[in-house]
Amino acid sequence: MNMGGPDMAPQRSARPGPVLEVSDLQTHFFSFGGTRVVKAVDRVSFTLHEGETLGLVGESGSGKTTTCLSIVGLLPRAARIVGGSVVFEGEDLTRKSQRELRRIRGRRIAMILQDPMASLNPLFTIFRQVAEPAFFHQQLRGRSLRERVQHLLRAVRIPSPEWRMREYPHQMSGGMRQRIVGAIALAGGPSLVIADEPTTNLDVTIQAQYLDLLKDIQRETGVALIFVTHNLGIVAKMCDKVAVMYAGKLIERGPVRELFDDPKHPYTRALLGAVPKLGSKEPLYSIPGQPPNLANLPAGCSFHPRCPEAVPRCVSEEPGDFHLGDGTVARCWLVEGKNEAGAHRGRTRS
Amino acid sequence: MPQFIIRRVLYSLVTLCILSATIFLVVRFTGDPVALMAEASARPEDLDRIRQQWGLDRSWPVQYVTFMQNAFKGELGKSFNYRLPVSELYFQRLPNSLTLGLAATLISLLIGVPAGIISAVKVNSWWDNVAKGVALLGLSIPGFWLGLVLILVFSVWLRWLPTSGAGDWRHVVMPALALGWYFAASMLRLTRSSMLEVLGSEYIKLARLKGLPDVVVIAMHAFKNALIPVFTLAGVNMVVMVNAAVIIEVIFAWPGIGRLLYEGIFQRDFPLVQGVVIMAGFMIVGINLVVDILYAFIDPRIRLTR
Ligand SMILES: Nc1ncnc2c1ncn2[C@@H]1O[C@H](COP(=O)(O)OP(=O)(O)OP(=O)(O)O)[C@@H](O)[C@H]1O
Ligand code: SF4
Ligand SMILES: [Mg+2]
């Protein structure tokens, strides 16, 4: 597939560091005048390099979407980042104003929302919606704008884009709408694309095609991807790294191979015990016990009421990140001292 | 599209028939008009003669059918009181009522829509709370009370505006304000809730994710979608303001349809009341068609299907 020339590629600086480095990110929801606090994202850290794909997995309500929205700085009104940093291409986004963030969103970072079917404005043409990022960020007008849009639509395999772009969302199939949302994400030439569970509403073949398309585009442009999903089959197929969330915390992260071959955290092990097929619409795993209530988490390790391997200290002491020799990081007392990579001994601060 | 219009017209006809039958019955339950038409000294035979003259001696079904037959020919009957064709009376008053209704609609839109948008965008801010309070006041302060206060302030104390009657623009200001006020409150509430719903949608999130300026997100992406229910309400409100601004027209002695209706009800002027109500029904049907066409203009889902 021809992605067509240098204008599609992100304008990446030659900086060597990671594209994205999230450290100790904490995002809380405040309700009832601040009396009720939900720690939707609790000291989450991970890094992502150019061309890499991170799979972010976890049960419903574990904080995946909130993590993504914290990165782009578009949290709901009730939520606030209360700690940590999001360093994107060397700049800490948590310190930027909305005005500065607007210049980054849609241009250097794009996000594909959880429901691609509802993400297009029903009253505007496809052309207009795909053109907006280039119109506002790159000041493209007239013919060059039209060519740019056709080009983007071709890149996501929309047939005859010249006339398709004059149509409206309701005239498109679900798969097409999803690819158009993909084209919008690519419109600014981003170096990071966050895709929040983009496949759940579509049937298996379309889902697989879409994933292939994203991979192709990544190969062409070197864009870094964060892929949020419930589906570990997709992670195995798509991702280089995995991060597993439980109750707002990243309880284990690492390279896909290492994590799938030798999961360290009991929760990850439980997840892997029940992998659904690619395309399954099941909310996957049924792990014994109640999913946690984020407004009222148990003391110690949040997973302890459901953990088959809990030890006494799990009830009262919360484990921190333990960095292990094979590149994985796990937040569980069981791995303490096991093949730990020296300096990083984790213990809960706060 | 033509099929859709035919269906709409048929529905409208059914609605108008139900409306006409209802108003036909309702006026007849208000009492006997003949007593008011005759002089106090009239004998029973005189009353019978009047009854016969106006066709009121016939059974209700017969009266209704005659009325409808005439209505289809565009004749709404003769007013008992004025002894003139109802349609003539109606169209005489219509320009005044349209002036007042349009001015009041404009006021309600100019106040209600921007305030509703700001309220939704800054939800739960002090502005939103003030706007919610004002909307509540608007819905609970009766228009006649506001009218009287306006007269007191602007005519009696400041002597800026005439108290009543119709003439130039100065006569319109106070009745339009008093009338538009109530409707501004309902426009505010509807705009606010409609905007809130749209602002929470996924496509607005995506518009924000594109890094678009807030003005573009709110004024173009959100407002266009929030507009549709606002249009409907504005259309219906306008018909009500044109045809049934009874209290305001009475207070400001505005020679409009509302006052005609008021007189008609008090005089038991059946043809007049029936005529005004049916004309209002027609206007609602017409406005709804206009609003539908506007929808099709705004919304490609309507324009390109059906
Ligand atoms: N508006 C809100 N007010 C209070 N708490 C909220 C709000 N929105 C989300 N939360 C809390 O934040 C937590 C994380 O939500 P989030 O949407 O990030 O989960 P998720 O992992 O994306 O789930 P899903 O897989 O269902 O999309 C939820 O458990 C919920 O309790
Ligand atoms: S810390 Fe304890 S309770 Fe938590 S996962 Fe590890 S063993 Fe289980
Ligand atoms: Mg989510």
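The structure this text deals with has already been given above.
Here is what the cut-offs are and how they apply
- Residue positions are counted from 1 within each chain, in the order its sequence is given.
- Chain letters start at A and ligand numbers start at 1, both assigned in the order the entries are written.
- This being a predicted model, a pLDDT of at least 70 is required before a residue's local features are given, and a value of 80 or more before pairs of side-chain atoms are given or counted; all residues contribute to the totals for chains, interfaces and linings.
- Only heavy atoms go into the side-chain values, all of them from the structure, while hydrogens and water stay out.
- Two strands form a pair only when DSSP identifies at least two bridges running between them.
- Numbering goes from the N terminus for both helices and strands, where a helix is a DSSP run of H or I of at least four residues and a strand is a run of E of at least two.
- Think of it this way: one heavy atom of a residue within 4 Å of a molecule or strand is enough to make that residue near it.
- Residue type decides the class: Asp, Glu, Lys and Arg count as charged, Ala, Val, Leu, Ile, Met, Phe, Trp, Tyr, Cys and Pro as nonpolar, and the leftover types, Gly among them, as polar.
- In this analysis, a patch consists of residues with relative accessible area above 30% that form no salt bridge, clustered at 9 Å for like charges and at 5 Å for the nonpolar side chains Val, Leu, Ile, Met, Phe, Trp and Tyr.
- Shrake-Rupley sampling with a 1.4 Å probe provides the accessible areas, and residues are treated as covered by the protein chains on show and by no other component.
- Any carboxyl oxygen of Asp or Glu within 4 Å of a side-chain nitrogen of Lys or Arg constitutes a salt bridge here.
- Working definition: with a 1.4 Å probe on protein chains only, accessible area under 20% of the residue-type maximum means buried, over 50% means exposed, and in between means partly exposed.
- Note on contacts: a residue pair is in contact if any heavy atoms of the two residues lie within 4.5 Å.
- In this description, buried area is defined as the sum, over both parts, of the accessible area (probe of 1.4 Å) that is lost when the two are combined.
- Distance and chemistry together define a polar contact, namely a pair of N or O atoms within 3.5 Å, with one atom able to donate a hydrogen and the other to accept it when in protein, and with adjacent residues in sequence counting only for side-chain atoms on both sides.

Draft legend 1. Representation of the sheet that holds strand E7 (residues 192–196) of chain A within the structure. Taking strand neighbours across the sheet as the criterion, the eight strands line up as E6-E7-E8-E3-E9-E10-E12-E11 (chain A) in an open arrangement whose pairing is mixed. The sheet terminates laterally at strand E6 (109–112) and strand E11 (322–323) of chain A, the two strands that pair on one side only.

Draft legend 2. Focus on the site of ligand 2. Residues in close proximity to ligand 2 total 13 residues, the closest being Cys301, Cys307, Cys314, Cys332 and Trp333 of chain A. Across the shell around ligand 2, the residue classes tally to ten nonpolar, two polar and one charged.

Draft legend 3. Region of the structure containing a nonpolar patch on the surface. Residue and element names in this part refer to chain B. Among the surface-exposed residues, Ile5, Ile6, Val9, Leu10, Leu13 and Phe72 lie close enough to one another that they form a single nonpolar patch of about 570 Å² accessible area. Per element, the largest residue contribution to the nonpolar patch is five residues, and it comes from helix H1 (residues 2–28). Locating isoleucine 6 in the fold gives a position in helix H1. You can call isoleucine 6 exposed: its relative accessible area is 53%.

Draft legend 4. Region of the structure containing the interface of chain B and chain A. If you look at the interface, chain B gives 25 residues, while chain A gives 27 residues. A combined buried area of about 2,500 Å² lies between chain B and chain A, and 66% of that area is made up of carbon and sulfur atoms. Of the charged contacts in the structure, one is a salt bridge between lysine 210 of chain B and glutamate 132 of chain A, with a shortest N-O distance of 2.7 Å. Where chain B meets chain A, there are ten residue pairs in polar contact (both at pLDDT 80 or more). Elements with a contribution of two residues or more to the side of chain B that touches chain A: helix H9 (202–209), helix H10 (214–244) and helix H14 (300–303) of chain B. Split by residue class, the side of chain B that touches chain A holds twelve nonpolar, four polar and nine charged.

Draft legend 5. Layout of the site of ligand 1. Residues and elements named next belong to chain A. Near ligand 1 you find 13 residues, and of these Ser60, Gly61, Lys64, Thr65 and Thr66 are the closest. Within the backbone of serine 62, one N or O atom sits 3.3 Å away from an oxygen atom of ligand 1. Lysine 64 places a side-chain nitrogen or oxygen 2.8 Å from an oxygen atom of ligand 1. Ranked by residue count, the leading element in the shell around ligand 1 is helix H1 (residues 64–72), at three residues. Residues of the shell around ligand 1, tallied by class, amount to three nonpolar, eight polar and two charged.

Draft legend 6. Structural view of the pattern of salt bridges. Taken as a whole, this structure holds 35 salt bridges over all chains when the rule is applied. A salt bridge links glutamate 309 of chain A to arginine 269 of chain A, with the shortest nitrogen-to-oxygen separation between them at 2.8 Å. Residue glutamate 309 of chain A is found in the loop between helix H10 (266–272) and E11, and its partner arginine 269 of chain A is found in helix H10; the two are separated by 40 residues along the sequence. What makes glutamate 309 of chain A partly exposed here is its relative accessible area of 32%. A salt bridge links arginine 51 of chain B to aspartate 48 of chain B; the shortest N-O distance between them is 3.2 Å. With arginine 51 of chain B and aspartate 48 of chain B both in helix H3 (residues 44–53) and three residues apart, this pair spans about one turn of that helix. Through salt bridges with shared partners, a single ionic network connects Asp42, Arg43, Lys249 and Glu318 of chain A.

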